[in-house]
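Listed below are the residues making up each chain.
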Amino acid sequence: MAKKATPQKEDKKEIDLNLNKENSTETFMTTDQGVKINDDTNSLKAGERGPSLLEDFILREKITHFDHERIPERVVHARGAAAHGYFQVYESMSKYTKAGFLQDPSLKTPVFVRFSTVAGFRGSTDLARDVRGFAVKFYTEEGNYDLVGNNIPVFFIQDAIKFPDLIHAVKPEPNNEIPQAASAHDTFWDFISLTPESMHMIMWAMSDRALPRSYRMMEGFGVHTFRFINEKGIAHFVKFHWKPLLGIHSVVWDEAQKISGKDPDFHRRDLYEAIENGAYPEWEFGVQIIPEKDEHKYGFDLLDPTKLIPEELVPVQRIGKMVLNRNPDNFFAETEQVAFHPGHVVPGIDFTNDPLLQGRLFSYTDTQLSRLGSPNFHEIPINRSVNAVHNNQRDGHMRQQINKGQASYHPNTLGGGCPYQAKMSEGGFASYQERVDGNKVRARSQSFMDFFSQATLFFSSQSKPEQKHIIDALRFELGKVQTVAIRQRMIGLLAYVDKKLAKEVADNLGLEVMPVEGLLNHNFGADANPEDYQNHKAKQSITQSPALSMAGSAKSVQTRQVAILAANGVDGASLKKVKNAVEKEGGQVKIVALTNGAITDNKGNSIPVDMSLLTSASVLFDALYLPDGEQNNKALQQDGDAIHFINETYKHCKAIAADGAGAELLNASYVGMKIKDKANDNPGVFIGKSSNGSIVADFVSAIPTRFYEREEKGKVPA
Ligand code: HDE
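Each residue is numbered by its place in its chain's sequence as written, counting from 1. Totals for whole chains, interfaces and linings use every residue, but because this is a predicted model, local features are given only for residues with pLDDT of at least 70 and side-chain atom pairs only at 80 or more, for both listing and counting.

## Focus on the overall build of the protein
What counts here: Numbering goes from the N terminus for both helices and strands, where a helix is a DSSP run of H or I of at least four residues and a strand is a run of E of at least two. Every radius of gyration here is taken over C-alpha atoms, with the globule rule written as 2.2 Å times N^0.38, N being the number of residues. A residue is called partly exposed when the number of other C-beta atoms within 10 Å of its own lies between 12 and 20, exposed at 12 or fewer, and buried at 20 or more, with C-beta atoms placed from the backbone. Throughout, a pair of residues is in contact if the C-beta atoms placed from their backbones lie within 7 Å.
Looking only at helices and strands, one finds 19 helices and 18 strands in the protein. For 718 residues, the compact-globule estimate of 2.2 N^0.38 gives 27 Å, and the C-alpha radius of gyration of the protein, at 28 Å, lies within 12% of that figure. Each of the three principal axes of the protein carries a C-alpha extent, and together these read 90 × 80 × 60 Å. Across the 718 residues that make up the protein, the buried fraction comes to 44%. Counting only contacts in the protein whose residues sit at least 6 apart along the sequence, the fraction spanning at least 24 positions is 75%.

Encoded structure:
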């Protein structure tokens, strides 16, 4: 169980940000120069109907500022949402690292966390099938530490030099900028079909992990192997994890596509509302620690970012907790301008030679220069360290700091030798002294040449429904590919992962499973001999890793959304009983009715409506309750949207309960047919009387569950 956090005393980053906050309440409007404005709605003109005057500094200032409001969006991870919070370690990690924020369990380190999709533009949908970014900025006393991770523990490629190709392939195609926020198109699969090292990541990206139910319900991973270094200079390899306390949950693909239309801001809204409602998202921070002597123990290379260390081989120790408890005040100033960088490390944490990480160490500062426009981006309030910054960097666009004194160089005598260099014992960062010896070569290590064994491990470790979803995702994605040769090559690659998987996808595409010709020729330099770079499917010490499946994840009703379909005449007691039971467990209830406004229950009480059938949709909820009452259920039976709502809830395998006459409404839907089918045991459908309590507890505990068994019983028309 997660340990309880102690109350927050003072958040140094919040205090720091407050220095820049502006509040217009009870103030006069001014120009940017502070001059009070008398008329903000009419420009200065030569006569009421005459031309505007150049002299109008108020008009000019307002329009000029507007014209320059936009900055380039992130080249990847453009769309995101973020929140403030804090991190606290459970016990001192001094045995492994000297990092200050991992020593003292009473210390709360402020954090700012940004979640994102990768491929879509800033205005794209949250529910794209995509990897999610999970970037954490720790404002430590020793400076900023950024853990810039994803919700998937591996990556598509082994070397940073291929990143621009990968991203060009997945982004909308350059001739017509189609499709938005989707990998289901020719260029992506063309590249992937020629990049066998991506196959492990592809298994993850085609799984439901790429369709999170909420940012609050997904894992995070540092992906690369990093190093912890302790006070004595002893290093351990470390893999970082974030484990969500609400468990790991996803939506299904049909649902994701519909959410993208009904509420493209679904994840952003979910995060914002949870925090506003005081249901603070929490993750435990996990580490897998590997002594340096075990570097070559696992049959794969720890420097290869397409591999993970199965938790069954090296358990994840949960060493602390992160709580997100404050929404940003301003999206642009904070979420948009925050600048993460895997190279922002503090003493006690260091890199490894993972060639993907090494390339990232260059990319992130470089990208901020073009995105934020100046080397002074570290001075933007959201980016600035809570530890004071002193160095000889000077000037540049938009410099905020006013450096005093004559000397801006080191060494100096004129400034008294300041600022001083810090000894390691004084907290100075000194890179880990790793012995490196080798020829300068443009090559990949033979130890990276196992492209499929962990893809197979991942696929074999999934539950049956999870496997089915991967197969369906591949059928969808490759079905959207127009070039048959690309589909065919992909089938060939999939056969290396799992023959049955390849066959099931091939059947749907009307193709045969055939071996891929020249599998690796494209992956090395023009003079390389492909024979030297053959895939060696390494023997895995385990064939199953239950931790890779979401099936056994913790389930909590907290913050889950339940729809109650109701109309005039609803049995008020039936409605209240379930509403109270859901809310008692921390879930939320919305009354969905034929129109907005209020409905009247069977006792004449008015009940406010939260959403009408027009403005809501089943895909925005986790479960559905149909309360008792003759009149209301008759009215809803006549409404096609209400019937669709029920069918769709069933299709997406969510819990449904019907109380008393609610069963008649259920019977009028497709679910009615299923109920009559004696061979169907109707998992997740609860019919009975709330008055004797029979269905309430069962329904409430089923809210976070998906009853995927239904998918085996044929497709639901919704
Ligand atoms: Fe990134 N990545 N990346 N990346 N990445 C960026 O930096 C890059 C990679 C990740 O919320 C960019 O500020 C290269 C892996 C996240 O602001 C850019 C390579 C992982 C975010 C960049 C990778 C990530 C980024 C774009 C291959 C998981 C969003 C804007 C060598 C461990 C952070 C920016 C936020 C953002 C480059 C691969 C995570 C261009 C060159 C692997 C979460 O610098």
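## Topic: the UniProt feature "binding site: heme" (unreviewed entry) in the protein
Counted only if it meets this: UniProt positions are given in the numbering used here, feature names are shortened, and annotations may be inferred rather than shown by experiment.
Here, UniProt's "binding site: heme" (unreviewed entry) annotation points to Arg74, Arg114, Phe163, Arg360, Tyr364 and Arg371. Along the chain, the position of Tyr364 falls in helix 9 (residues 355-372). In this view, Tyr364 contacts Phe340, His341, Pro342 and Gly343; residues no more than four positions away in its chain are not counted. With respect to the helices and strands, the residue Arg371 is situated in helix 9. Excluding anything up to four places from it in sequence, Arg371 contacts Ile71, Pro72 and Arg74.

## Side note on helix 12 (residues 484-497)
We apply this condition: Working rule for helices: expected span equals 1.5 Å times residues minus one.
Here helix 12 spans 20 Å end to end across 14 residues, near enough to the 20 Å set by a 1.5 Å rise per residue. Extensive coverage of helix 12 is indicated by the burial of 11 of its 14 residues. Lining the buried residues of helix 12 we find helix 4 (186-193), helix 5 (199-205), helix 10 (453-460), helix 11 (464-480) and helix 13 (499-509).

## Considering the site of the ligand
Applicable threshold: By definition, a residue lies near a molecule or strand when the C-beta atom built from its backbone is within 6 Å of it. Polar here means any residue outside two lists: the nonpolar Ala, Val, Leu, Ile, Met, Phe, Trp, Tyr, Cys and Pro, and the charged Asp, Glu, Lys and Arg; Gly therefore counts as polar.
Taken together, 26 residues lie around the ligand, and Arg74, His77, Gly133, Ala160 and Val223 are the ones closest in. Broken down by secondary-structure element, the contributors of at least two residues to the shell around the ligand are strand 2 (109-117), strand 3 (132-140), strand 4 (143-150) and helix 9. The element contributing the most residues to the shell around the ligand is helix 9, with seven residues. Here the residues of the shell around the ligand are counted per class, giving 13 nonpolar, 10 polar and three charged.

## Re unusual backbone geometry
In this chain, His410 is followed by Pro411 through a cis amide linkage whose omega measures 0°. Along the chain, Pro411 turns up in the loop between helix 9 and helix 10. The phi torsion at Glu26 lies on the positive side, around 60°, for a residue other than glycine. In this fold, Glu26 is placed in the loop between helix 1 (12-18) and helix 2 (57-67). Here Glu26 falls in the exposed class, since 5 other C-beta atoms lie within 10 Å of it.

## Focus on the domain arrangement of the protein
The following threshold applies: For every domain, the bounds stem from an assignment made automatically or drawn from a database.
Parsing the protein into structural domains produces domain 1 (80-379) and domain 2 (561-713). Inter-centroid distance (C-alpha atoms) of domain 1 to domain 2 is 37 Å. Along the lines of polarity and charge, the residues of the side of domain 1 that touches domain 2 split into three nonpolar, one polar and five charged.

## Details of the sheet that holds strand 16 (residues 623-626)
This is how the line gets drawn: Two strands make a pair as long as DSSP finds a minimum of two bridges between them. Axes, fitted as lines to C-alpha atoms, cover a helix only where it is in contact. Angles between the N-to-C directions of the axes lie from 0 to 180 degrees.
Read across the open sheet, the six strands follow the order 15-12-11-16-17-18; overall the sheet is parallel. A single partner strand is all that each edge strand has here, and the edge strands are strand 15 (611-612) and strand 18 (685-688). Relative to strand 12 (residues 588-593), strand 11 (residues 561-565) runs parallel, the two sharing five bridges. What sits directly across from Gln561, in strand 12, is Gln588. The strands touched by helix 14 (residues 572-584) are strand 11, strand 12, strand 16 and strand 17 (655-659); relative to strand 11, the strand with the most contacts, the crossing angle is about 180°.

## Comments concerning the environment of Ala81
Checked against the element boundaries, Ala81 lands in strand 1 (residues 80-89). In this structure the C-alpha to C-alpha distance between Ala81 and Asn327, which are 246 residues apart in sequence, comes to 9.6 Å. Ignoring anything within four residues of it in the chain, the contact list for Ala81 reads Phe115, Tyr215, His267, Arg268, Leu271 and Thr335.

## Points about the nonpolar core
Stated formally: Under the definition applied here, buried Ala, Val, Leu, Ile, Met, Phe, Trp, Tyr and Cys residues are grouped into a nonpolar core through C-beta atoms within 7 Å.
In terms of nonpolar packing, the biggest core is built from 173 residues, with Met203, Ile564, Leu565 and Phe699 touching the most fellow members. Sorting elements by how many residues they give to this core places helix 12 first, with eight residues. The residue makeup of this core includes at least three contributed by each of domain 1 (80-379) and domain 2 (561-713). Those residues in contact with Leu565, other than ones at most four positions away along the chain, are Val592, Leu624, Leu626, Leu636, Ala642 and Phe645.

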